[in-house]
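Results of the structural survey
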Amino acid sequence: MATSRTAPSPAPTALAAAHARTGLIQITVTGVLWGTTGVAVQLLRESTGLNPVTIGFHRLAIAAVVLLVCTAGRLGSTLAAVRAAPLALLLTGVGLGLYQALYFAAVAMAGVGVATVVSLGLAPVLAAAWESVRARRAPGPLRLATLVAAVAGLALITGSTAEPTAAAPRPLLGLLAAAGSGLGYAASTLVSRQVSQRTAPMTLTTVSTAIGALTLAPFALVAGVTVPLRANTVGLLLHLGVVTTALAYALFYAGLRTTEGSVAAVLTLLEPLTAAALAVALLHEPLPLPLVAGGGLLLCAVAATYLSPAGREAS
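Small disclaimer: the values here were computed from a predicted structure and weren't measured.

Further remarks concern the overall build of the protein. Counting its secondary structure elements, the protein contains 14 helices and 0 strands. Shown N-terminal to C-terminal, the secondary structure of the protein runs as helices and strands in the order α-α-α-α-α-α-α-α-α-α-α-α-α-α. Considering the protein as a whole, with its 315 residues, one finds that 47% of them fall into the buried category. Summarising the internal contacts of the protein: among those between residues at least 6 apart in sequence, 89% fall at separations of at least 24. Taken as a whole, the protein presents about 15,100 Å² of accessible surface, with 72% of it coming from carbon and sulfur.

Have a look at this one:
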């Protein structure tokens, strides 16, 4: 009598490799999705004249609603997380709203490319510098070199954006807003780092987007929250809220389960590259050589920050 045989289960190493590849793909897609944010904001402003704060409010509010619906069955765990770390979650949400509003303002004043490269590039370098200060240790040669590269890159970008253009009507103010956004992002990341160790990623994202939307609500009401009910306007807002926030963060946190934080940080450098490419292709923003060189230095500093041993420990 023939005996039935079951197929051997895949080796654990093969499964781990498959999960790792999936994580890399998820985070790569996240970086590309985030890279479309600046262009969507600029297109919204050009077609509606909406204030950057108002756009930020709508983006977070839409994302919060979508995430609340998706996590409705876990309301108890969400409330428990809020009770466990109310101050950290409050600061994370407020920081999310403020640095996003500053980023959108930077897009309006300095253009998509400059705003994205500066805000994204400064944040991890500032966070790494703070980690060195908090640990009371002098930065090593590699860390010092990354800080010098970041400052040099920022100086090149500043020099290349000194003159107003159609895409960047107030470049220096926009640069300051982008730097403020990077500082806010770094501070928010440092605050949320501890709470993220004991709070589910989707719960943390849901609570922080809801608090971020509430933070921007008063400013948005003053600026005006009315949105023209046109197909392109609604489509762009849904793209910002659902695709670049709710979906992108879900993919990002899922990818982090099998991807080291250092590798994830480098993969998300696709965001400024995507943003710059779309800004040139769709918005016809100029891309002068000093901006390219400065952006390259800044992004190299970010990559070195996360790929260094100290960077991996801080991730």
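The subject of this paragraph is the nonpolar core. Ile-55, Val-112, Val-114, Val-118 and Ile-157 are the most contacted members of the largest nonpolar core, which has 37 residues in total. If we skip the residues at most four places from it in the chain, Ile-55 touches Val-41, Leu-44, Arg-45, Leu-50, Phe-104 and Leu-240. Within the second largest apolar cluster, 15 residues are counted, among which are Leu-33, Trp-34, Leu-216 and Ala-217.

Residues Leu-87, Leu-90, Leu-91 and Val-191 make up a contiguous nonpolar surface patch of roughly 340 Å² in combined accessible area. When you line up the elements, Leu-90 lands in helix H5 (residues 86-110).

Helix length check: helix H3 (residues 52-70), at 19 residues, gives a terminal C-alpha distance of 27 Å against a target of 27 Å (1.5 Å per residue), a fit within 8%. Listing the buried residues of H3 in full gives Pro-52, Thr-54, Ile-55, Gly-56, Phe-57, His-58, Arg-59, Leu-60, Ile-62, Ala-63, Ala-64 and Leu-67. Capping the start of H3 is the job of one residue whose side-chain oxygen sits 2.8 Å from the backbone nitrogen of Val-53: Asn-51.

We now examine the packing of aromatic side chains. Under the defined criterion, the tally for this structure stands at 3 aromatic pairs. Ring geometry for Trp-34 against Phe-252: centres 5.3 Å apart, planes inclined by 50°, an arrangement best described as tilted. Remark: Phe-252 occurs in helix H10 (residues 231-256) and Trp-34 occurs in helix H1 (residues 12-35); sequence separation between them is 218 residues. Across this residue pair, the class does not change: Trp-34 and Phe-252 are buried. Considering the side-chain rings of Tyr-103 and Phe-104, the 5.7 Å spacing of their centres and the 50° angle between planes classify their relative orientation as tilted. The buried category is assigned to Phe-104, whose relative accessible area is 0%.

Moving on to the confidence of the model for the protein. With 84% of its residues at a pLDDT of 70 or more, the protein has an overall mean of 80. Within the protein, the lowest mean pLDDT, 45, falls on helix H14 (residues 309-314), and the highest, 93, falls on H3. When the criterion is pLDDT under 50, residues 1-7 qualifies, and its contacts beyond four places in sequence or with other chains add up to 0 contacts.

About the thresholds
The written sequence of each chain sets the order in which its residues are numbered from 1. In view of the model being predicted, local features appear only for residues whose pLDDT reaches at least 70, and side-chain atom pairs are presented and counted only at 80 or more, with totals across whole chains, interfaces and linings using the full set of residues. As a convention, hydrogens and water are excluded, and side-chain values are obtained from all of the structure's heavy atoms. Working definition: helices are DSSP H or I runs of at least four residues, strands are E runs of at least two. Numbering for both runs from the N terminus. Only protein chains enter the area calculation, which uses a 1.4 Å probe; residues under 20% of their type maximum are buried, those over 50% are exposed, and those in between are partly exposed. The contact rule is simple, with two residues in contact once any of their heavy atoms fall within 4.5 Å. Exposure was quantified through the Shrake-Rupley algorithm and a 1.4 Å probe, taking into account, for residues, occlusion by the shown protein chains and nothing else. Take the buried residues of types Ala, Val, Leu, Ile, Met, Phe, Trp, Tyr and Cys, join any two whose side-chain atoms come within 4.5 Å, and each joined set is a nonpolar core. What goes into a patch is any residue over 30% in relative accessible area without a salt bridge, connected to like charges within 9 Å or, for nonpolar side chains (Val, Leu, Ile, Met, Phe, Trp, Tyr), within 5 Å. Salt bridge, as used here, is a side-chain nitrogen of Lys or Arg placed within 4 Å of a carboxyl oxygen of Asp or Glu. Take the number of residues in a helix, subtract one, and multiply by 1.5 Å to get its expected span. Side-chain atoms alone can form a polar contact between residues adjacent in sequence; in general such a contact is a pair of N or O atoms within 3.5 Å, and within protein one must be able to donate a hydrogen while the other accepts it. Between 30 and 60 degrees the pair is tilted, below 30 it is stacked and above 60 it is edge-to-face, where a pair is any two Phe, Tyr or Trp rings, Trp via its six-membered ring, whose centres lie within 6.5 Å. Within a predicted model, pLDDT stands for the predictor's per-residue confidence, ranging from 0 to 100.

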